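# Coordinate analysis (summary)
Chain by chain, the residues:
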Amino acid sequence: MKRKTRHLSLWMLLAATLLAWQSAMARELPDFTELVEQAAPGVVNISTTRMERGREDPFGGFGGQEIPEIFRHFFGDRFPAPPGGGGQGRPRELQSLGSGFIISEDGYILTNAHVVQGADEILVRLNDRRELAAELIGADERTDVALLKVDADDLPPLTLGDSDALRVGEWVAAIGSPFGFDSSVTAGIISAINRTLPRDAYVPFIQTDVAINPGNSGGPLFNLDGEVVGINSQIFTRSGGFMGLSFAIPISVAMDVAGQLRDDGRVSRGWLGVMIQPVSRDLAESFGMDSPSGALIADLDPEGPAARGGLQAGDVILEVDGDEVDRSSTLPRLIGRTSPGSEVDLVLLRDGEERRETVTVGDWPDAEGRDVTRAEQGGRQPRLGLAVSELEAEELERLGIEDGVLIRELDPSGAAAAAGIRPGDVLVSIDHQIVGSADQLVEVVESLPSDRAVPVRLYRDGRSLFVALRLADD
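Residues numbered from 1 in each chain as written. Predicted model: local features only at pLDDT ≥ 70, side-chain atom pairs only at ≥ 80, totals over all residues. Heavy atoms only, no water.

### Points about the overall build of the chain
Quick reminder of the rule: The helix and strand labels rest on DSSP assignments: H or I over at least four residues marks a helix, E over at least two residues marks a strand, and numbering proceeds from the N terminus. Note on classification: 1.4 Å probe, protein chains only; a residue is buried when its accessible area is under 20% of the maximum for its type, exposed when over 50%, partly exposed between these limits. For this analysis, residues touch if any pair of their heavy atoms sits within 4.5 Å. Only the protein chains shown count as cover for residues, and all accessible areas are computed by the Shrake-Rupley method using a 1.4 Å probe.
Within the chain one finds 11 helices and 27 strands. Relative to its full complement of 474 residues, the chain shows a buried share of 45%. Put simply, 62% of the contacts in the chain that link residues at least 6 apart link residues at least 24 apart. Of the accessible surface of the chain, which amounts to about 25400 Å², a share of 47% is contributed by carbon and sulfur atoms.

### Structural notes on the pattern of salt bridges
To keep it simple, the criterion reads: When a carboxyl oxygen of Asp or Glu lies within 4 Å of a side-chain nitrogen of Lys or Arg, that pair is called a salt bridge.
In total, this model carries 15 salt bridges according to the counting rule given. We note a salt bridge from Arg130 to Asp128, for which the minimum N-O separation is 3.0 Å. The exposure class of Asp128 is partly exposed, given its relative accessible area of 46%. Salt-bridge contacts for Arg452 lead to Asp431; the nearest nitrogen and oxygen are separated by 3.5 Å. Separated by 21 residues along the polypeptide, Arg452 in the loop between helix 11 (438-446) and strand 26 (453-460) and Asp431 in the loop between strand 24 (426-430) and strand 25 (433-434) bring together distant segments of the chain. Given the relative accessible area of 31%, Arg452 is considered partly exposed. One continuous salt-bridge network, built from bridges that share partners, spans Arg125, Arg129, Glu131 and Asp182.

### Details of a nonpolar patch on the surface
Selection rule: A patch consists of residues whose relative accessible area exceeds 30% and which take part in no salt bridge; residues with like charges are grouped when within 9 Å of each other, and nonpolar side chains (Val, Leu, Ile, Met, Phe, Trp, Tyr) when within 5 Å.
A cluster of nonpolar side chains, contributed by Leu29, Trp171 and Leu224, occupies part of the molecular surface with about 280 Å² of accessible area. Topologically, Leu224 is positioned in the loop between strand 10 (220-222) and strand 11 (228-237). Residue classification places Leu224 among the partly exposed residues on the basis of a relative accessible area of 46%.

### Looking at the nonpolar core
The cut-off we apply is this: By convention a nonpolar core is built from buried Ala, Val, Leu, Ile, Met, Phe, Trp, Tyr and Cys residues, the set being connected through side-chain atoms within 4.5 Å.
If you look at the biggest cluster of nonpolar residues, it comprises 28 residues, and the most contacted ones within it are Phe101, Leu110, Leu147, Leu158, Phe222, Ile249 and Ala254. Ranked by residue count, the leading element in this core is helix 5 (residues 251-264), at 6 residues. If near-sequence neighbours (up to four positions away) are discounted, Ala254 is found in contact with Leu110, Val145, Ile231 and Ile249. Counting 24 residues, the second largest nonpolar core, distinct from the first, contains Ala415, Ile430, Leu465 and Val467.

### Comments concerning unusual backbone geometry
Phi is positive for Asp144, which is not a glycine, with a value near 60°. Within the secondary structure layout, Asp144 lies in the loop between strand 5 (131-140) and strand 6 (145-150).

### Points about the packing of aromatic side chains
The geometry of an aromatic ring pair is captured by the separation of the ring centres together with the interplanar angle, meaning the angle of the planes. Basically, it comes down to this: Between the rings of Phe, Tyr and Trp (Trp by its six-membered ring), a pair exists once the centres lie within 6.5 Å; its type follows the angle of the planes, with under 30 degrees stacked, over 60 edge-to-face, and the other angles tilted. Only Lys NZ and Arg CZ are tested; either one counts as a charge over a ring when it is within 6 Å of the ring centre and within 35 degrees of the ring normal.
For the structure shown, the criterion picks out 4 aromatic pairs. Residues Phe205 and Phe247 carry aromatic rings whose centres are separated by 6.2 Å and whose planes lie at 80° to one another, so their mutual orientation is edge-to-face. Of this pair, Phe205 sits in strand 9 (residues 200-208) while Phe247 sits in strand 12 (residues 244-250); the two residues are 42 residues apart in sequence, bridging distant segments of the chain. When its relative accessible area of 4% is taken as the criterion, Phe247 is described as buried. Summarising the aromatic geometry, the rings of Phe236 and Phe247 are spaced 5.2 Å apart at their centres and angled 65° between planes, so their arrangement reads as edge-to-face. Of this pair, Phe236 sits in strand 11 while Phe247 is found in strand 12, placing the two residues 11 residues apart along the sequence. According to the relative accessible area criterion, Phe236 is partly exposed, its value standing at 38%. Ring pairing ties together the aromatic residues Phe205, Phe236 and Phe247, which thus form one cluster. For Lys149, the ring lying beneath its charged end belongs to Tyr108, and the centroid distance is 5.5 Å.

### Comments concerning the environment of Met255
With respect to the helices and strands, the residue Met255 is situated in helix 5. Put simply, Met255 and Leu147 are 108 residues apart on the chain and 9.6 Å apart in space, counted from C-alpha to C-alpha. Not counting residues within four places of it along the chain, the set of residues in contact with Met255 comprises Ile103, Leu110 and Leu160.

### Some thoughts on the confidence of the model for the chain
As a reminder, the rule being used: For every residue, the pLDDT score states the predictor's confidence, bounded by 0 at the bottom and 100 at the top.
Confidence along the chain averages 82 in pLDDT terms, with 80% of residues attaining 70 or more. A low-confidence stretch, residues 55-87 (pLDDT under 50), is modelled with 32 contacts involving residues beyond four sequence positions or located in other chains. Taken together, the stretch residues 367-378 has pLDDT below 50 and engages in 30 contacts with residues farther than four places along the chain or on a different chain.

### Details of the side chain of Thr330
Its location among the elements puts Thr330 in helix 8 (residues 330-336). Excluding residues within four positions of it along the chain, Thr330 makes contact with Glu324 and Val325.

### Regarding helix 5
Spelled out, the test is: By definition here, a helix of n residues has an expected span of 1.5 Å times n minus one.
With 14 residues, helix 5 ought to run about 20 Å at 1.5 Å a step, and its terminal C-alpha atoms sit 19 Å apart, in line with that. Every buried residue of helix 5 is accounted for by Ile251, Val253, Ala254, Val257, Ala258, Gly259, Gln260 and Leu261. The positive-phi residue at the C-terminal boundary of helix 5 is Gly265, with phi of around 80°.

### Notes on the environment of Gly310
Within the secondary structure layout, Gly310 lies in the loop between helix 7 (305-308) and strand 16 (316-320). Considered as a pair, Gly310 and Glu357 are 47 residues apart in the sequence and their alpha carbons are 7.6 Å apart.

### As for the environment of Ala416
Inspection of the secondary structure puts Ala416 in helix 10 (residues 415-418). For Ala416, a relative accessible area of 1% gives the class buried. Along the sequence, Ala416 and Leu384 sit 32 residues apart, while their C-alpha atoms lie 5.4 Å from each other. Setting aside anything within four residues of it in sequence, one finds Ala416 in contact with Leu384, Leu386, Leu410, Ile421 and Leu469.

What follows is the structure, given as structure tokens:
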């Protein structure tokens, strides 16, 4: 009897301990109920409509009726144009959904640029079920931010927070309209900050594990104080749903863009006129650096701010106005946030030595492509495992370079192939020595060391880049 009582007491103690632990854990988990009650009225649903003129089907449209399934079986939704017809049918209405949030009492609303892209009509549905037509004040595709305006007063703006103060691991919540379901709430933590995504060099994205689905785009990301710290923008997923990675635009970036769109109708951002690439470990060694960091200038616009400021291809930019350039993706953000016409102090590495340069930042111009043509005739370099052709002056001018030889052939087992050099590349310099002819290449290669990597500058597919070349021992 005493043993049973002892066992019962032990189980009661364990149960009490477990309950106390669960209660403590529950107290530590965030409660989003007050946040949602306060913030939900400032979150809106955005629906857009655009008209697209479709192709006329060869069956006369069946009198405006749905296309019979038997024809869909053979043709799907892609019907051939009618014989002799212009291929233009009746316009069709395309709709899309997204989210947004109010930032001022007089009707300014933030969302993503891709939510309203190409829209003929934009409709905003408020939390109180009012529906208002919205005017697109402006959109910036580079940051994916758009500013809308509705004709209304006394709207409930959300409180904006400090996205620069965010820390990895803190709790955040999202409110939006996934799949059109208004005021849906999800929560998670910040997984990383200052993420750079392909084709989005100007945005230091906030990465979260918050469940984001189609329709959440443009909606706010909140911290635990109920302040907006980001705009939910992208999902990286294999399923098409929330099972992946979510990325938000920091509110500091979004508000800077919104202010320029409201005041000027366009966004100005700083521009150096350089083409950059990451510094790999081998390139760092070839430049005499202790570790890979910074942004390597692979090429410059000869009329750009960097060239006018004395920067050169092969320079590694290490700092901008005292801010470290820890990787190449950091440089566009630091320069992009700088007002055109202002000066920046750069710390860079050139020929193994640090130096300081002051450059006046320009305004980002429209990108222009270049035609690339090449000629062939010419010379072999067994030590590198390649054959080159010299380029005529006209071809160098078309490429926008002053010197270089064309890589015509490669030995797959040679040093050049191992460095990533390809046939069709234009070799501009090796170990900071210009290569303007096949004879110069021979002289440069003879002096190359075999105990360390050396930088090789190439021109490939309309852009300049560096690779690290390491020769085997003789």
